[in-house]
Amino acid sequence: MNLDNFKIQIRKITDFSEDECALFTPHLKKKTLKKGEYLLQVDQPVNEIAFIEKGVLRLFYQSQDGKEVNNHFFLKNDYAVSYLDLLKSRPSRYSIQALEDCEIITFDVQTLTNAYDQSKNWERFGRIIAESVYAIATNRFESFLFLSAKERYLQMLQDYPLFIEQIPLYHLASYLGIERESLSRIRKEITL
């Protein structure tokens, strides 16, 4: 299994030595997901994290009225997990589904915990990822408190410019909390 890209990406977060990488790499598993397949479904235990080598995944939940609501998207070089459920050791409240064929590298939570215990750099990696997840969640929450639909769309373009290129509009509309027609109208206003 070629792990060059995985090592490049984790070294962008902290400066891992080869010995520190060796704590982790024997426990990595390469998997493929076909479009529509699930990495995680509601009520499953959250016991692995996926690094996306290729493809797009969505994190979503089902509302009380039966609609699927997208909460986040994971693109190439992202880590996909239902993070709060992982931290609370509870069954997932979310599903993670492939929006296109994906190649992922997975590792289990226990491997990560063991790496934390053996290396300050792995501990630092965990802290930086946690801070990133917190910032993403807080920005999303605050966007619904303080921004209009148009402003949320503009913020999404600024924060996640690849979303518009890689994710179907109906999924983006759900993510923004609006109907597809409203998203089309907003996009039209902006291009005028």
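How each quantity is defined
The residue count restarts for each chain, going from 1 along the sequence in the order it is written. With pLDDT at 70 or above as the cut-off, local features in this predicted model cover only qualifying residues; side-chain atom pairs require 80 or more to be listed or tallied, and sums for whole chains, interfaces and linings still use all residues. Processing note: side-chain calculations cover all non-hydrogen atoms of the structure and skip hydrogens and water entirely. For each structure, a 1 Å grid was placed over the protein atoms alone; sets of points admitting a 1.4 Å probe that cannot get out are labelled cavities, open sets with protein on both sides within 12 Å along at least five of seven lines are labelled pockets, and lining residues have an atom within 4 Å of a point. Grid points are joined across faces, edges and corners, and a volume is the space filled by probe spheres set on the points. Strands are runs of DSSP state E lasting at least two residues, helices are runs of H or I lasting at least four, and both sets are numbered from the N terminus onward. Charged residues are taken to be Asp, Glu, Lys and Arg, nonpolar residues to be Ala, Val, Leu, Ile, Met, Phe, Trp, Tyr, Cys and Pro, and polar residues to be all remaining types, Gly included. Excluding any residue in a salt bridge, patches collect residues exceeding 30% relative accessible area, merging like charges within 9 Å and nonpolar Val, Leu, Ile, Met, Phe, Trp and Tyr side chains within 5 Å. Here the accessible surface of atoms and residues is derived via Shrake-Rupley with a 1.4 Å probe, and residues count as covered only by protein chains that are part of the display. A pair is scored as a salt bridge if a Lys or Arg side-chain nitrogen falls within 4 Å of a carboxyl oxygen belonging to Asp or Glu. Each residue is placed in one exposure class: buried if its accessible area under a 1.4 Å probe, protein chains only, is under 20% of its type's maximum, exposed if it is over 50%, and partly exposed if it falls in between. Throughout, a residue-residue contact means that at least one pair of heavy atoms, one from each residue, lies within 4.5 Å. Buried Ala, Val, Leu, Ile, Met, Phe, Trp, Tyr and Cys residues form a nonpolar core when they are joined through side-chain atoms within 4.5 Å. Note: pLDDT gives the predictor's confidence per residue, expressed from 0 to 100. Paired strands, in this sense, are two strands between which DSSP finds at least two bridges. The axes are straight lines fitted to the C-alpha atoms, using for helices just the contacting stretch, and the angles between their N-to-C directions are given from 0 to 180°. A helix is expected to span 1.5 Å for every residue after the first.

Examining the layout of surface pockets
Thought 1: Quantified by volume, the largest pocket comes out at close to 1200 Å³.
Thought 2: Together, 42 residues line the largest pocket, and Phe 74, Val 81, Tyr 83, Val 133 and Ile 136 are the ones closest to its centre.
Thought 3: For the lining of the largest pocket, the secondary structure elements donating two or more residues are helix 1 (4–13), strand 5 (68–74), helix 3 (83–88), helix 4 (109–118), helix 5 (120–146) and helix 7 (161–166).
Thought 4: Of the residues forming the lining of the largest pocket, the biggest block, 8 residues, is contributed by helix 5.
Thought 5: Here the lining of the largest pocket is built from residues that sort into 26 nonpolar, 8 polar and 8 charged.
Thought 6: What the second largest pocket holds in volume is close to 310 Å³.
Thought 7: In this structure, the second largest pocket is lined by 15 residues; those nearest its centre are Lys 67, Glu 68, Ala 173, Ser 174 and Ile 178.
Thought 8: Elements that contribute at least two residues to the lining of the second largest pocket include exactly strand 5 and helix 8 (169–176).
Thought 9: Among the elements that take part in the lining of the second largest pocket, helix 8 stands out by supplying 4 residues, more than any other.

A short note on a nonpolar patch on the surface
Thought 1: A surface patch of nonpolar side chains, amounting to about 380 Å² of accessible area, comprises Phe 141, Leu 145 and Phe 146.
Thought 2: Along the chain, Phe 141 falls in helix 5.
Thought 3: In this structure Phe 141 comes out as exposed when scored by relative accessible area, which is 55%.

Focus on the environment of Ile 186
Thought 1: On the secondary structure map, Ile 186 appears in helix 9 (residues 180–191).
Thought 2: The spatial distance from the C-alpha of Ile 186 to the C-alpha of Asn 139 is 21 Å, given a sequence separation of 47 residues.
Thought 3: Once you skip the residues sitting within four places of it in the chain, Ile 186 turns out to touch Ala 149, Lys 150, Tyr 153 and Ile 178.

Observations regarding the nonpolar core
Considering soluble globular proteins, one finds that nonpolar side chains tend to be buried as a cluster.
Thought 1: The biggest cluster of nonpolar side chains holds 35 residues, and the ones touching the most others in it are Phe 6, Leu 57, Tyr 79 and Phe 125.
Thought 2: Setting aside its immediate chain neighbours within four residues, Phe 125 contacts Ile 10, Ile 13, Thr 14, Phe 16, Tyr 79 and Leu 112.
Thought 3: Phe 73, Leu 75, Ala 173 and Leu 176 belong to the second largest nonpolar core, which has 15 residues in total.

Considerations on the confidence of the model for the protein chain
Thought 1: Summing up the model confidence of the protein chain, the mean pLDDT is 93 and the portion of residues at 70 or higher is 99%.
Thought 2: When mean pLDDT is compared element by element in the protein chain, strand 7 (residues 95–98) scores highest at 98, while helix 2 (residues 18–24) scores lowest at 87.

A closer look at the side chain of Ser 119
Thought 1: Among the secondary structure elements, Ser 119 is positioned in the loop between helix 4 and helix 5.
Thought 2: Sequence-distant contacts of Ser 119, that is, excluding residues within four places in its chain, are made with Glu 20 and Leu 23.

Considerations on the sheet that holds strand 2 (residues 38–40)
Thought 1: Pairing within the open sheet is antiparallel, and its 4 strands lie in the order 2-7-4-5. The open sheet is flanked by strand 2 and strand 5, the only strands paired with a single partner. Shown here is a sheet whose adjacent strand axes are inclined to one another by a mean of 30°, direction ignored.
Thought 2: Relative to strand 5, strand 4 (residues 57–62) runs antiparallel, the two sharing 6 bridges. Counted as the bridge partner of Leu 59 is His 72 from strand 5.
Thought 3: This element, helix 8, spans strand 4 and strand 5 of the sheet and lies at about 105° to strand 5.

Points about helix 5
Thought 1: End to end, helix 5 covers 38 Å across 27 residues, agreeing with the expected 39 Å (1.5 Å per residue, within 8%).
Thought 2: Within helix 5, the full set of buried residues consists of Asn 121, Trp 122, Phe 125, Gly 126, Ile 129, Arg 140 and Ser 143.

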